[in-house]
Number of protein chains: 2
Amino acid sequence: MTNPTAAILIIGNEVLSGRTQDANVNFIAKRLGDIGVTLAEVRIIPDVESMIIEAIQALSTRYDQVFTTGGIGATHDDITAASIAKAFNRQLHTNAEAVKILQTYYLERLNETRLKMAMVPEDSILIKNPVSAAPGFQIENVYCLAGIPAVMQAMFDVIIPTLKIGQTFHAITVKSHILENDIAEPLAEIQNTHTTVEIGSYPSFLSPGKWGVSLVVRGTDPDMINHAVAAICKTIQSQGHDYVIE
Amino acid sequence: MTNPTAAILIIGNEVLSGRTQDANVNFIAKRLGDIGVTLAEVRIIPDVESMIIEAIQALSTRYDQVFTTGGIGATHDDITAASIAKAFNRQLHTNAEAVKILQTYYLERLNETRLKMAMVPEDSILIKNPVSAAPGFQIENVYCLAGIPAVMQAMFDVIIPTLKIGQTFHAITVKSHILENDIAEPLAEIQNTHTTVEIGSYPSFLSPGKWGVSLVVRGTDPDMINHAVAAICKTIQSQGHDYVIE
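As the structure is a prediction and not an experimental result, all values here were calculated from the model.

1. What to know about the interface of chain B and chain A
Chain B puts 64 residues into the contact, and the matching count from chain A is 64 residues. On the chain B side of the interface with chain A, the three residues burying the most area are Arg19, His76 and Asn181 of chain B, jointly 13% of the side's total. For the pair chain B and chain A, the number of links is four salt bridges. The closest approach of N and O atoms between Arg62 of chain A and Glu54 of chain B, which form a salt bridge, is 3.0 Å. Across the contact surface, chain B and chain A share 20 residue pairs in polar contact (both at pLDDT 80 or more).

2. Some points on the pairing of strand S11 (residues 210-219) of chain A
All names here are of chain A. The element S11 is extensively covered by neighbouring structure, given that nine of its 10 residues are classed as buried. Strand direction decides the pairing type here: strand S9 (residues 170-176) and S11, joined by seven bridges, are antiparallel. Looking across to S11, one finds that Ser176 is bridged to Val213.

3. Concerning the packing of aromatic side chains
Residues and elements named next belong to chain A. The tally for this structure, following the rule as stated, stands at eight aromatic pairs over all chains. By the ring-pair criterion, three or more aromatic residues cluster together here, those being Phe27, Phe67, Tyr143 and Phe156. A cation over an aromatic ring shows up here: Arg218 above the ring of Phe169, its NZ or CZ 4.2 Å from the ring centre.

4. Let's talk about unusual backbone geometry
In this model, Glu140 of chain A sits at a positive phi of 55 degrees, which is unusual for a non-glycine residue. Mapped onto the fold, Glu140 of chain A is located in the loop between strand S7 (133-139) and strand S8 (142-145).

5. Quick word on the domain arrangement of chain A
Along its sequence, chain A is carved into domain 1 (5-162) and domain 2 (170-245). The straight-line distance from the C-alpha centre of domain 1 of chain A to that of domain 2 of chain A is 38 Å.

6. Examining the packing of helix H3 (residues 49-62) of chain B against helix H4 (residues 80-87) of chain B
A pair of packed helices is captured by two measures, namely the crossing angle of their axes and the spacing between those axes. Residues and elements named next belong to chain B. It is at 9 Å that the axes of H3 and H4 come closest, and there the two elements cross at 50 degrees. Classified by the angle their axes make, H3 and H4 are oblique. Considering the relative orientation of H3 and H4, their crossing is right-handed. Of the residues in H4, those in contact with Glu49, Ile52, Ile53, Ile56 and Gln57 of H3 are Ser83, Ile84, Lys86 and Ala87. The residue makeup of the contact of H3 with H4, split by class, is five nonpolar, two polar and two charged.

7. Comments concerning the pairing of strand S8 (residues 142-145) of chain B
Burial of the side chains of S8 of chain B extends over both faces: Val142 and Cys144 of chain B are buried on one face and Tyr143 and Leu145 of chain B on the other. Between the end of strand S7 (residues 133-139) of chain B and the start of S8 of chain B, which pair antiparallel, lie two residues, with Glu140 of chain B showing a positive phi angle near 50 degrees.

8. Structural notes on the environment of Asp157 of chain B
Residues and elements named next belong to chain B. Considering the arrangement of structural elements, one finds Asp157 in helix H7 (residues 149-159). Placed 62 residues apart in sequence, Asp157 and Asn95 show a C-alpha to C-alpha distance of 22 Å. Every residue in contact with Asp157, bar those within four places of it in the chain, is listed here: Phe27 and Arg31. At 2.8 Å, the side chain of Asp157 forms a polar contact with the side chain of Arg31.

9. A closer look at the relation of the copies chain B and chain A
It takes a turn of 180 degrees to lay chain B on chain A, together with a shift of 0.0 Å along the axis; the resulting RMSD is 0.0 Å. This pairing of chains is accounted for by a two-fold axis. Of the C-alpha atoms belonging to chain B, the one lying closest to the rotation axis is found on Arg43 of chain B, 2.2 Å away. Most of the interface of chain B is mirrored in chain A, where 100% of its interface residues again form contacts.

10. Describing the packing of helix H8 (residues 184-193) of chain B against helix H9 (residues 222-238) of chain B
Residues and elements named next belong to chain B. The contact between H8 and H9 brings their axes to 10 Å, and the two run at 165 degrees. One finds that H8 runs roughly antiparallel with respect to H9. For the pair H8 and H9, the crossing hand works out as right-handed. Between H8, through Pro186, Leu187 and Ile190, and H9, the contact on the second element is made entirely by Ala228, Ala231, Ile232 and Thr235. Grouping the constituent residues of the contact of H8 with H9 by class yields six nonpolar, one polar and no charged.

11. Examining the pattern of salt bridges
Once their charged atoms are close, side chains differing in charge can pair, the charge on each being opposite to the other. One pass over the full model with this rule turns up 18 salt bridges over all chains. Its salt-bridge partner being Glu41 of chain A, residue Arg62 of chain A comes within 3.9 Å of it at the nearest N-O pair. Here Arg62 of chain A, found in helix H3 (residues 49-62), pairs with Glu41 of chain A, found in strand S2 (residues 38-45); they are 21 residues apart in sequence, far enough to count as distant. For Arg62 of chain A, a relative accessible area of 39% gives the class partly exposed. On the accessibility criterion, Glu41 of chain A (2% relative accessible area) is buried. We note a salt bridge from Glu140 of chain B to Arg90 of chain B, for which the minimum N-O separation is 3.2 Å. Of this pair, Glu140 of chain B sits in the loop between S7 and S8 while Arg90 of chain B is found in the loop between H4 and strand S4 (92-94), placing the two residues 50 residues apart along the sequence. Residues joined in a network through salt bridges with shared partners are Glu41, Arg43 and Arg62 of chain A together with Glu54 of chain B.

12. Overview of the nonpolar core
In a soluble, globular protein the nonpolar side chains are often hidden away together inside. Phe156 of chain A together with Phe156 of chain B are the most contacted members of the largest nonpolar core, which has 123 residues in total. Look past the residues within four positions of Phe156 of chain B in its chain and what remains in contact with it is Phe27, Ile28, Arg31, Leu32, Phe67, Leu145 and Leu163 of chain B.

13. Some thoughts on the sheet that holds strand S6 (residues 125-129) of chain B
Pairing is mixed in the open sheet, where 12 strands are placed in the order S6(A)-S7(A)-S8(A)-S3(A)-S1(A)-S2(A)-S2(B)-S1(B)-S3(B)-S8(B)-S7(B)-S6(B). This sheet does not close on itself; its edge strands, each paired only once, are strand S6 (125-129) of chain A together with S6 of chain B. This sheet shows a mean twist of 20 degrees between the axes of neighbouring strands, independent of strand direction. As paired strands, S2 of chain A and strand S2 (residues 38-45) of chain B are joined by three bridges and run antiparallel to one another.

Calculation criteria
Residues numbered from 1 in each chain as written. Chains lettered and ligands numbered in written order. Predicted model: local features only at pLDDT ≥ 70, side-chain atom pairs only at ≥ 80, totals over all residues. Heavy atoms only, no water. Contact = heavy atoms within 4.5 Å. Buried area = accessible area lost by both parts, 1.4 Å probe. Salt bridge = Lys/Arg side-chain N within 4 Å of Asp/Glu carboxyl O. Polar contact = N/O pair within 3.5 Å; in protein donor to acceptor, adjacent residues only side chain to side chain. Buried < 20%, exposed > 50% of the residue type's maximum accessible area, 1.4 Å probe, protein only. Helix = DSSP H or I, 4+ residues; strand = E, 2+ residues; numbered from the N terminus. Pairing = 2+ DSSP bridges. Phe/Tyr/Trp six-rings, centres within 6.5 Å; stacked < 30°, edge-to-face > 60°. Lys NZ or Arg CZ within 6 Å of the ring centre and 35° of its normal. Domains from an automatic or database assignment. Axes fitted to C-alpha atoms, helices over the stretch in contact; angles between N-to-C directions. Parallel < 35°, antiparallel > 145°, perpendicular 65-115°, else oblique. Left-handed = near helix turned anticlockwise from the far one by under 90°. Nonpolar A, V, L, I, M, F, W, Y, C, P; charged D, E, K, R; others polar. Least-squares fit on C-alpha atoms with pLDDT ≥ 70 in both. Core = buried A, V, L, I, M, F, W, Y, C linked by side-chain atoms within 4.5 Å.

Structure below.
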């Protein structure tokens, strides 16, 4: 069984300008791993209509599920809903259910500006926002979430039960002070004989002249992971080095 | 004068699997802002040859400069140099200058595996690695850097003097406890009358029921930024709220 695939599209200028360190990719990536979805690509683009349309069309065609964050508020730079409506050739319309949600939350403070947050592409399914009411929406295989991490995370946990899922990914990390280049050849051989797992080699720079390596074995079959990990440990040991399994 | 544009391509499975929180985008984004380069797009893709080729061809055609991180080591999952050679229809060859660098650094520890790090696309210019010797490379308008943040950062500072630059970006942030939706309309008007700056509105969720907003005015013309900031402050004040300028 092949796991379903997904892409993330981060929409907004704040990550590209360097003002904000993105936190949404890592949260969604971990959640997708837990439910057995392969995160195949991430794009970060500015609030520019043509770029949103192009990215949505490319990613929604290529992957099973697409998650967007950002641009669904009520200020002038929030153009995600309108752009995604265009990407799918749908009208942007006022969703009656969303209006009710906003009325209940904002009461007499609901005004023309805030009503913009009830405008979604036709045929959308609303995504509940447990933090600040204004909903996200799903259209086709694209899930549009808020950009603020606390709100995005709450929305993501709402949609999890509705997502296509696969076999959970597991990962075991073998850490050692061996230099990765000293085991590159046997490591390639272990990868070649364990094709259903993915073996990553990540050197880390500890201090000047001092290096370590993290060898990460990831996949959906725990037996195969354990088998590959045992082979890696044996290789490190045969070269007279210690290791730690995490 | 329009500033030159750039894209970042993060190559590697560790960010997509959720194992690693990317730190390279934020570092490069800030540096590009300082030298007046507009970061227009970021993509994060796995170590898959076809995806690297496609992304390099798309981004190098569209933007003035492309920066890649990751996949230039000597283990089996390091396929950046070979993939980028294919993207530009060049041979992957052993660079004599790179061999010398590796010989000087590794001495008798230089072996067949480590020599893989001297293989770059033909017509590449090497990028010095002040941390761990193995060089990056530039081919056409694509700069290929290491994935480890400490190494990538040192390499990036090496190439800065060679990059196309523009007018430095400046940004001023106005912070207030006003709700962004309460000034959405005048804010849109201020954006419309200050088209050479980019005004971003970023609500932040402080605690349940307590919100703040950061209004970021960014651009290359300090006078226009100050003018827009003054208009924003006046709007906030007229609604009886305080603000802080950062």
